[in-house]
Structure formats: structure tokens, C-alpha cells
Amino acid sequence: MKRILITCFLSGIMIPLFSQSLFMTRSGQISFFSKTSMENIDAMNNEVTSILNTGTGEVVFAVLVKSFRFEKALMEEHFNENYLESNKFPKSTFQGKITNLTSIDFAKEGSYAVTIQGELTLHGVKQAVTTSGQLEVGKGKLLLKGNFPVTLADYKIEVPSLVTEKISKTIDVRVNCEYEPKK
Amino acid sequence: MNRRNRKTAFGIFVVMMLSVPAWAQDDLMKMLDDETSDKNKTEYATATFKTTRLVNGHSIENVAPGVLDFRISHRFGFISSGAYELWGLDNASMRLGFDYGLTKRLMIGVGRSTYQKQYDGFAKYKILRQSTGARNMPLSVSVVGTVMYKSLKFDDPTRTNYQSSNFYYCGQIIFARKFTEGVSLQIAPTVVHYNFVPTANDPNDLFSVGAGGRFKVSKRVSVNVEYYYQLPANQFAGTYNSLSMGFDVETGGHVFQLYMTNSTGMTERTFISETTGDFFKGDIRLGFTISRVFTIRKPRID
């Protein structure tokens, strides 16, 4: 009995250890774009951290809201102070899973279509997100690209009536991460 | 091994198998957290004040590098002047100014006031920035140097006048702290230098201390208060300390400042050393400033 229990216990530990091949990035890119007839707003963050588990298909992202860079300094200030309230909610995260893991051959270089399902936490609000993207398997590298819309109201990001003409209600978010094997 | 044990073991195995994915993902998030713990990062306080002026005087804020701030300030007459002057609204004096951010730490600006036909120019440099994280700094510190030139014709053209009499200088050190999202305070020891003073007994260097704060009442509106205390024996006869209070209202690319003050001028020497109104006797002027920023040089975002 004891032996069985130990075996079970070890297998519990071993399974994730063995099946995990972790890939990571600290310099992933997330950008977003808001387009209205009045004004275009463009911002970029290239300090995105993410881990991708090729064994289970799990993928997590974390990003500091303050490290988004805008063309206009005042936009950046307003983004942090008034819209995303980055002092209250400094981090935004995504926790999800590649749902079509079986159709990806990590041993073979090439480009694969992926569907990712998960939860995005933004401005302190958690929402389910499903998106499709492209995963490129390279030599010891993975490149994940995708985009998804974020509707501001879903995340309780308020836009005052005075500037509703200038800020799109739905923002296009683009992800571009190049992973390397995690040490 | 009996049947029951086998069953138990199988049960445990199933539970473990099921629980693995559940904790594995939290684990992955935790791993990411650990990997990216921001202990090595320094986070600087931003937006201690909404704009580069509290009311009349400088705040700790700079305009961002590559950004031009066009400021139009209006100052009306004393409210105490009564209905005939429409409580001061009949008389307006103004200052036009252009400020520009050269670097993250250095900004410069020029302006022209109708009051005494004065030109002014200044440079403001951030020495220390309030921060937390790897570098902990409780305060932000800036220095400001201002030169003012009065182009008004000389009072008495018959005597020997020197152009140097029309130059005035001001130096300030500003200490500021953003205490919370809504409360920021600053204190600014100041010296104003006159090449030419009204009477022989007046000092050429006048020391004062400015203090002020802002209190946010909503995300886009704050209440500002500013006071300049002239040290004893550092003031001209008949002048008062400058006291101002007002609102900052932010509307997209503009900041709109609306305030009450007992000062007439909008540059350091005129509001610190030459304020003739007694705030508490109703010698209060309404004023407003519109600040509009333009991005001249775009920062690289790649």
C-alpha cells in the first residue's frame, strides 16, 4: 500500500515535471490601437512577460500597465491616471490555454493556427477571452502572434462624454511574443 | 494488496491527476510572478501635479520631452472694485507663454506679460525624482531659474537710466511629494533679485518661501492652494504675501486652471514681491489659465 501511495504521489509530481517544456519571454510585445475619426491612439509595451507550456498548452501573460508607451506624453499620463488607474491596478494578466494543442507539432518547424481560451484581468476586472492566433515553431524558439478586441465597458474603464469621440469603445489589442526555452 | 487499498490508491491517483492541471496553471502564474518580481525596478511618481504651474508659481512638474505647452493666462481686476468695473472683469491683464521640454529633466520657457510689458524666460531642472522600488526617494526636487525683463518705458526719462534696472532674477528650489493619489504638497524656498529697488533701504535680494498643494476632488479636477511667505525684512513697503486658490480641470489635451488670487503679475518677482492686494479685504482677482500641449518631437516607441 505504502509503495502504491508513494508511486501515486511521485507520479503526481513527475507528470508536470516531465511533460513541462516551458518557454518564456521577458520582452514580448503588446500593442493596442484605438481608431476614431477624431484621433488615433497607439501604444506599445515591449516588456511583456509570458510563459508557455508546450506540454499542457497553458500560457500566462503579465504586463505592467505603466510600461505602455504612447506617442503623446499626456495620453500616457491620462491612460495611467484616469483610465487604467495603474496605481490601483498596476498589473494586467492573462491566464489561458491553447485548446487545439494536438494539432501543433512542436518538433516540426512551421506555422500553426492556434486557439487560445482564457481569462484576461484588466483594470481589476476578469473576463473570459477566446482568440485565435498564429504560433510559429522555430529552432529552439516559439513565436506567438494574435490579436483580440477589448471592449472598454467590459472592464469598467470609463470614458467621459467629453472625449467619447476620440476614444474607440473597442480597442484592438495585438500580441507578439518570441519565446525561448526557460532555464 | 487488497481490493480496498487498491481502490483508495486509485482514488488518490485520480484526484491527483485532476488536481495537477488546476494547480499547474496557478503555478505557472506564480512562476511568472517570481521571474518578474519588480524588486529591481524603480518606479517614479508621476503626475504629482496636473501641470507645470500650481497657480502663479512653478510646480514640480515638467512638460514631457518634445512637448510644447502653450499657456494663456488671464488676470482680471480686483473683485473689490465693485459693480462699475463688473467686479474686475473690465480689466484684464494677460501672459502668453511657450514652454518646451528638452529632456526628461530639463524644460525651458518664455513668456510675455501685458503687466509692465514684461518678458520672461526660465529653465527648470529636475534634480531628484520621487520613487519607490530599487531606488527609494521620498521627495522630488527641482531648481528653477527665471530672468525677467521689464520693457515699460522709464518713469523718469530725464535722469540717467540703466537698462540693467529692468532686469530681475529669481531662483527657486522646489521640494515636492505626492503623498497619495489625491494629495501632493510642495515647498519652495525662493530668492528674487532686483538690480534696482524702490528705495535705498530696500534689499536687492528678497527671500521668501512658497508652499502649496493640490487635492484631487475627482479624476480630472483638483483644488490647488498656493502661498508665498516673504521673510521679515524681505519685502517692500505696502506689499502683501501672495495667496491663491483655484481649480485645475483637465479636458483631454487641455488643462484649464481657474483661480482667485491677490496678485497682479504672473511672474515670480511680480507676484511674490509686488503683490499689493490684501486677500482678506477682498482684493481678489479672478484668473484663469489655459494650457494646451502639442507633441513636437515624438518619442521613439518601438
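The rules behind each value
- Residues numbered from 1 in each chain as written.
- Chains lettered and ligands numbered in written order.
- Predicted model: local features only at pLDDT ≥ 70, side-chain atom pairs only at ≥ 80, totals over all residues.
- Heavy atoms only, no water.
- Helix = DSSP H or I, 4+ residues; strand = E, 2+ residues; numbered from the N terminus.
- Buried < 20%, exposed > 50% of the residue type's maximum accessible area, 1.4 Å probe, protein only.
- Contact = heavy atoms within 4.5 Å.
- Polar contact = N/O pair within 3.5 Å; in protein donor to acceptor, adjacent residues only side chain to side chain.
- Domains from an automatic or database assignment.
- Patch = residues over 30% accessible without salt bridge, like charges linked within 9 Å, V, L, I, M, F, W, Y side chains within 5 Å.
- Areas by Shrake-Rupley, 256 points an atom, 1.4 Å probe, with all protein chains shown as cover.
- Salt bridge = Lys/Arg side-chain N within 4 Å of Asp/Glu carboxyl O.
- pLDDT = per-residue confidence, 0-100.
- Core = buried A, V, L, I, M, F, W, Y, C linked by side-chain atoms within 4.5 Å.

Residues and elements named next belong to chain B. Looking at where serine 81 falls in the secondary structure, it is placed in the loop between strand S2 (67-78) and strand S3 (92-101). By relative accessible area, serine 81 is classed as partly exposed at 34%. Placed 113 residues apart in sequence, serine 81 and tyrosine 194 show a C-alpha to C-alpha distance of 30 Å. Beyond its immediate stretch of four places on either side in the chain, serine 81 contacts Trp87 and Gly88. A polar atom in the side chain of serine 81 sits 2.6 Å from the backbone oxygen of phenylalanine 78. Within the local environment of serine 81, its side chain forms a polar contact with the backbone nitrogen of glycine 88, the two atoms lying 3.4 Å apart.

Another point: the domain arrangement of chain B. By a widespread convention, an interface's size corresponds to the accessible area lost as its parts come together. Taken domain by domain, chain B consists of domain 1 (3-36) and domain 2 (40-295). The C-alpha centroid of domain 2 of chain B is placed 63 Å from the C-alpha centroid of domain 1 of chain B.

Right, let's talk about a nonpolar patch on the surface for a bit. Taken together, Leu86, Trp87, Leu89, Met245, Met260 and Leu286 of chain B make up a surface patch of nonpolar side chains, about 490 Å² in accessible area. Within the secondary structure, methionine 245 of chain B is located in strand S12 (residues 242-251).

A few words now on helix H2 (residues 73-83) of chain A. In terms of burial, H2 of chain A is largely enclosed, as nine of its eleven residues are buried. Taken as a whole, H2 of chain A has its buried residues at Leu74, Met75, Glu76, His78, Phe79, Asn80, Glu81, Asn82 and Tyr83 of chain A. In this fold, the buried residues of H2 of chain A make contact with strand S1 (22-35), strand S2 (40-53) and strand S4 (69-70) of chain A together with strand S10 (205-216), S12 and strand S14 (285-295) of chain B. Phi turns positive, to about 45°, at glutamate 85 of chain A, one or two residues after H2 of chain A.

Attention shifts here to the side chain of threonine 52 of chain B. Residue and element names in this part refer to chain B. The topology assignment puts threonine 52 in the loop between strand S1 (42-44) and S2. The exposure class of threonine 52 is buried, given its relative accessible area of 3%. Filtering out sequence-adjacent residues up to four positions away, threonine 52 remains in contact with Gly57, His58, Ser59, Glu61, Asn62, Val63, Asp69, Arg71, Asp99, Met107 and Lys124.

Bringing the confidence of the model for chain A into the picture now. All names here are of chain A. Residues with a pLDDT of 70 or more make up 89% of chain A, whose mean pLDDT is 88. Mean pLDDT values for the elements of chain A range from 55 in helix H1 (residues 2-19) up to 95 in strand S6 (residues 110-122). Note that pLDDT drops below 50 for residues 14-19; the model gives that stretch seven contacts with residues more than four away or on any other chain.

Time to look at the nonpolar core. One finds Phe61 and Tyr179 of chain A to be the most contacted residues of the largest nonpolar core, which totals 44 residues. If near-sequence neighbours (up to four positions away) are discounted, tyrosine 179 of chain A is found in contact with Phe23, Met24, Thr25, Ser50, Ile51, Leu52, Val59, Phe61, Gly140, Lys141, Leu142 and Leu144 of chain A. One finds Tyr168, Val197, Tyr228 and Phe236 of chain B within the second-largest nonpolar core, a separate group that totals eleven residues.

A word on unusual backbone geometry. With the exception of glycine, most residues fall at negative phi, and the peptide bonds are largely trans. Residue and element names in this part refer to chain B. At tryptophan 87, a residue that is not glycine, the phi angle is positive and equals roughly 50°. As for its placement among the helices and strands, tryptophan 87 is situated in the loop between S2 and S3. Positive phi, close to 65°, is recorded for alanine 233, a residue that is not glycine. Positionally, alanine 233 belongs in the loop between strand S11 (221-230) and S12. The exposure class assigned to alanine 233 is exposed, which follows from its relative accessible area of 71%.

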